[in-house]
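# What the coordinates show
The lines below spell out each chain.
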Amino acid sequence: MVDINISCPFCPFADSDAEFVSQHVEYCHPEGADSFSPGLENALQQSTLADDTEKYVDCPHGCGEIVAAAELDIHLDLHVAEEVALDDSGTAPIRSPAVLEEDFDDLDMMDSYKGGKRGMQRDSARVNTSKPPRAHSPPRTTNSDGIKRLGRSELGPHAHEKKMPSWLKKMLEKGGSTSKQTQITPDGKLARKEVTENETDHLIPVLARLCEQDKTVQRAFFCSPKVRHICKLRREGGFCGYRNIQMLVSWLKKTRSFGHEHFPDKGPSILQLQDMIESAWDMGFNSSGRAETGGIKDTRKFIGTPEAQALFMSLGIPCKASCLLETSDQRACDALYKHVANYLRSASPEDDAKVVQTDLPPIYFQHDGHSMTIIGFEIRDNGSANLLVFDPMFKTAPAMERLIGNSQNPSDPTRVLKAYRRGTPHLQKFKIFELLELSVTPKATA
């Protein structure tokens with residue numbers, strides 16, 4: 001007998017056990033559990049997740065995220081890193097043995113890029129940097145203009161929805177909850193500040209200090225410390241692209257750089273960013289995105305580098321997109337390391353400091369299925385390389401928050417740093433990366 005999958009009516013989750021699906025709905029979609037009737041369950045028995053794209057599953061950790069099945073192991077490993085950072089003195093269980101990163105190809109790379117230009121010279125005939133290609137786009141329905149409609153592999157499990165659920169829209173309109181907290185400022189004074197639950201300032205100086213303490217780090221380079229880590233709200237879903245735009249905007253606003261006046265004092269919210277992207281399409285910036293996505297306003301469709309680029313260009317904020325591809329003699333991840341190292345080294349002083357902090361903006365970073373914000377780069381003493389990132393999928397751990405304005409160091413910095421490191425074992429799986437760099441300089445300190 002062949003099992004028939006029963007699909008959740010609210011997300012792509014499916015299972016042959018009706019009771020298990022019912023429990024899934026009650027736990028993950030409490031707002032719709034009352035409407036999940038046996039009749040609806042029976043009606044859905046013939047429904048499967050058969051799309052000509054990859055499958056998505058609910059994170060069993062309970063974070064509320066729907067992730068590509070192929071990315072589930074990595075997603076869970078990062079939850080382990082997140083839990084380890086919750087208590088630096090704890091001994092959180094490790095799901096699998098640590099994998100040693102492959103040796104970085106060019107140990108002298110850092111010195112070779114002194115005084116170099118930001119970014120890499122690209123073959124313009126091969127890479128259209130005015131609009132980066134979306135990774136792995138299979139043939140789709142084509143409209144009268146010859147533009148292909150993207151599907152679930154690019155736009156996520158809600159690629160075809162017309163409107164997001166009303167409860168989610170209300171949650172996004174409200175934003176993260178705020179509270180007043182007493183904090184230690186960078187100059188050692190106490191101050192009462194308003195804190196938003198999914199936003200954290202002053203993390204980069206802490207990460208720089210941890211890299212300085214970590215004996216396995218040979219050299220590390222960071223962007224400007226004036227970048228706010230912004231993560232998702234619980235049950236928010238796939239809004240990583242928007243959260244990364246918010247992180248870039250946080251740098252614009254805190255440094256009062258060119259274009260900062262286009263953004264409100266608080267925000268912009270995800271819904272405001274959707275309006276701004278739709279407006280950018282109306283103005284002709286990467287306007288094929290509307291046909292490719294079917295429109296994004298009030299939906300949970302994933303966005304990528306073309307949408308971020310369109311938004312900034314429509315506001316007159318200079319930015320540069322790059323597409324890094326695997327070639328016959330170089331992996332995409334090695335090209336990525338060199339590009340980011342080149343970018344950060346271009347603004348670094350001519351000295352041999354172990355850890356260098358620059359005034360550069362962070363980098364919007366996209367690979368197939370997920371995006372993050374690059375805030376640094378490091379070379380380890382075994383020759384391996386890591387990107388240092390703010391991942392909007394994961395919140396700032398209390399152990400990190402306690403280190404802000406506190407000179408005390410953890411006993412093992414690698415435990416806390418793990419949640420911010422992305423190295424070869426993960427990145428070597430991808431054959432294409434997209435980056436978006438803001439080409440502006442800070443006008444003043446904030």
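This one's a predicted model, so the numbers in the text were calculated from it and none came from an experiment.

Here we come to the overall build of the protein. What the protein contains, in helices and strands, is 15 helices and 16 strands. Of all 446 residues assigned to the protein, the portion counted as buried reaches 52%. Contacts in the protein between residues far apart in sequence, at least 24 positions, make up 69% of those at least 6 positions apart. Approximately 20,200 Å² of the protein is accessible, and the part contributed by carbon and sulfur atoms is 51%.

Note on placement: His229 falls in strand β9 (residues 229–230). Taking relative accessible area as the criterion, His229 reaches 3% and is therefore assigned buried. A polar contact is formed between the side chain of His229 and the side chain of Thr396, at a distance of 3.0 Å. Beyond its immediate stretch of four places on either side in the chain, His229 contacts Asn198, Glu199, Thr200, Leu203, Met247, Phe390, Asp391, Phe394, Lys395 and Thr396.

Moving on: the side chain of Ser384. Within the secondary structure layout, Ser384 lies in the loop between β13 (370–380) and β14 (385–390). A distance of 2.7 Å separates polar atoms of two side chains, one belonging to Ser384 and the other to Asn382.

Below, the discussion takes up the confidence of the model for the protein. Across the protein, the average pLDDT comes to 78, with 68% of residues at 70 or higher. Every residue in residues 33–53 is under pLDDT 50, and counting partners more than four places away or in other chains gives 37 contacts. Note that pLDDT drops below 50 for residues 135–140; the model gives that stretch 23 contacts with residues more than four away or on any other chain.

Per the counting criterion, the structure on display carries 16 salt bridges. Salt-bridge contacts for Asp201 lead to Lys254; the nearest nitrogen and oxygen are separated by 3.3 Å. Of this pair, Asp201 sits in the loop between β7 (199–200) and α7 (203–213) while Lys254 is found in helix α8 (residues 240–255), placing the two residues 53 residues apart along the sequence. Taking relative accessible area as the criterion, Lys254 reaches 18% and is therefore assigned buried. Bridged by salt links that share partners, the residues Glu199, Asp201, Arg228 and Lys254 form one connected network.

For helix α9 (residues 270–282), with 13 residues, the first-to-last C-alpha span of 18 Å sits near the 18 Å given by 1.5 Å per residue. Residues of α9 that are buried include every one of Ile270, Leu271, Leu273, Gln274, Met276, Ile277, Glu278, Ala280 and Trp281, and no others. Looking at the buried residues of α9, the elements they touch are α6 (166–174), α8, α10 (288–293) and α11 (305–314). One or two steps after α9, the chain reaches Gly284, where phi turns positive at roughly 100°.

Counting 81 residues, the largest nonpolar core has Phe222, Phe312 and Leu387 as its most contacted members. Setting aside residues no more than four positions away along its own chain, Phe312 makes contact with Ile245, Leu248, Val249, Leu252, Phe263, Ile317, Cys319, Leu436 and Leu438.

With that settled, the discussion passes to the packing of aromatic side chains. A ring pair, where both rings are aromatic, is described by two values, the distance of the centres and the angle of the planes. Applying the stated criterion across every chain yields a total of five aromatic pairs. On the numbers, 5.7 Å between centres and 55° between planes, the contact of Phe239 with Tyr242 is tilted. Each member of the pair, Phe239 as well as Tyr242, is classed as buried. Look at Phe365 and Phe433: their rings are 5.7 Å apart centre to centre, the planes differ by 35°, and that puts the pair in the tilted class. In this pair, Phe365 is assigned in strand β12 (residues 363–367) and Phe433 in strand β16 (residues 432–438), connecting sequence segments 68 residues apart.

By the criterion of burial, β14 is predominantly enclosed, with six of the six residues buried. Of the two faces of β14, both are covered, the one formed by Ala385, Leu387 and Val389 as well as the one formed by Asn386, Leu388 and Phe390. Alignment of β13 against β14, held across six bridges, turns out to be antiparallel. Directly across from Glu378, in β14, lies its bridge partner Asn386. Here β14 runs beside strand β15 (residues 421–423); their pairing, made up of three bridges, is antiparallel. Within the sheet, the bridge partner assigned to Asn386 lies in β15 and is Gly423.

Closest axis-to-axis distance for the α8/α9 pair is 10 Å, and the angle between their directions is 90°. As summarised for this structure, α8 and α9 are arranged roughly perpendicular, according to the angle between their axes. Along the contact surface, α8 presents Tyr242, Arg243, Ile245 and Gln246, while α9 presents Ile270, Leu273, Gln274 and Ile277. When the residues that make up the contact of α8 with α9 are grouped by side-chain class, the tally is five nonpolar, two polar and one charged.

Reading the values: rules and limits
- Residues numbered from 1 in each chain as written.
- Predicted model: local features only at pLDDT ≥ 70, side-chain atom pairs only at ≥ 80, totals over all residues.
- Heavy atoms only, no water.
- Helix = DSSP H or I, 4+ residues; strand = E, 2+ residues; numbered from the N terminus.
- Buried < 20%, exposed > 50% of the residue type's maximum accessible area, 1.4 Å probe, protein only.
- Contact = heavy atoms within 4.5 Å.
- Areas by Shrake-Rupley, 256 points an atom, 1.4 Å probe, with all protein chains shown as cover.
- Polar contact = N/O pair within 3.5 Å; in protein donor to acceptor, adjacent residues only side chain to side chain.
- pLDDT = per-residue confidence, 0-100.
- Salt bridge = Lys/Arg side-chain N within 4 Å of Asp/Glu carboxyl O.
- Expected span 1.5 Å × (residues − 1).
- Core = buried A, V, L, I, M, F, W, Y, C linked by side-chain atoms within 4.5 Å.
- Phe/Tyr/Trp six-rings, centres within 6.5 Å; stacked < 30°, edge-to-face > 60°.
- Pairing = 2+ DSSP bridges.
- Axes fitted to C-alpha atoms, helices over the stretch in contact; angles between N-to-C directions.
- Parallel < 35°, antiparallel > 145°, perpendicular 65-115°, else oblique.
- Nonpolar A, V, L, I, M, F, W, Y, C, P; charged D, E, K, R; others polar.

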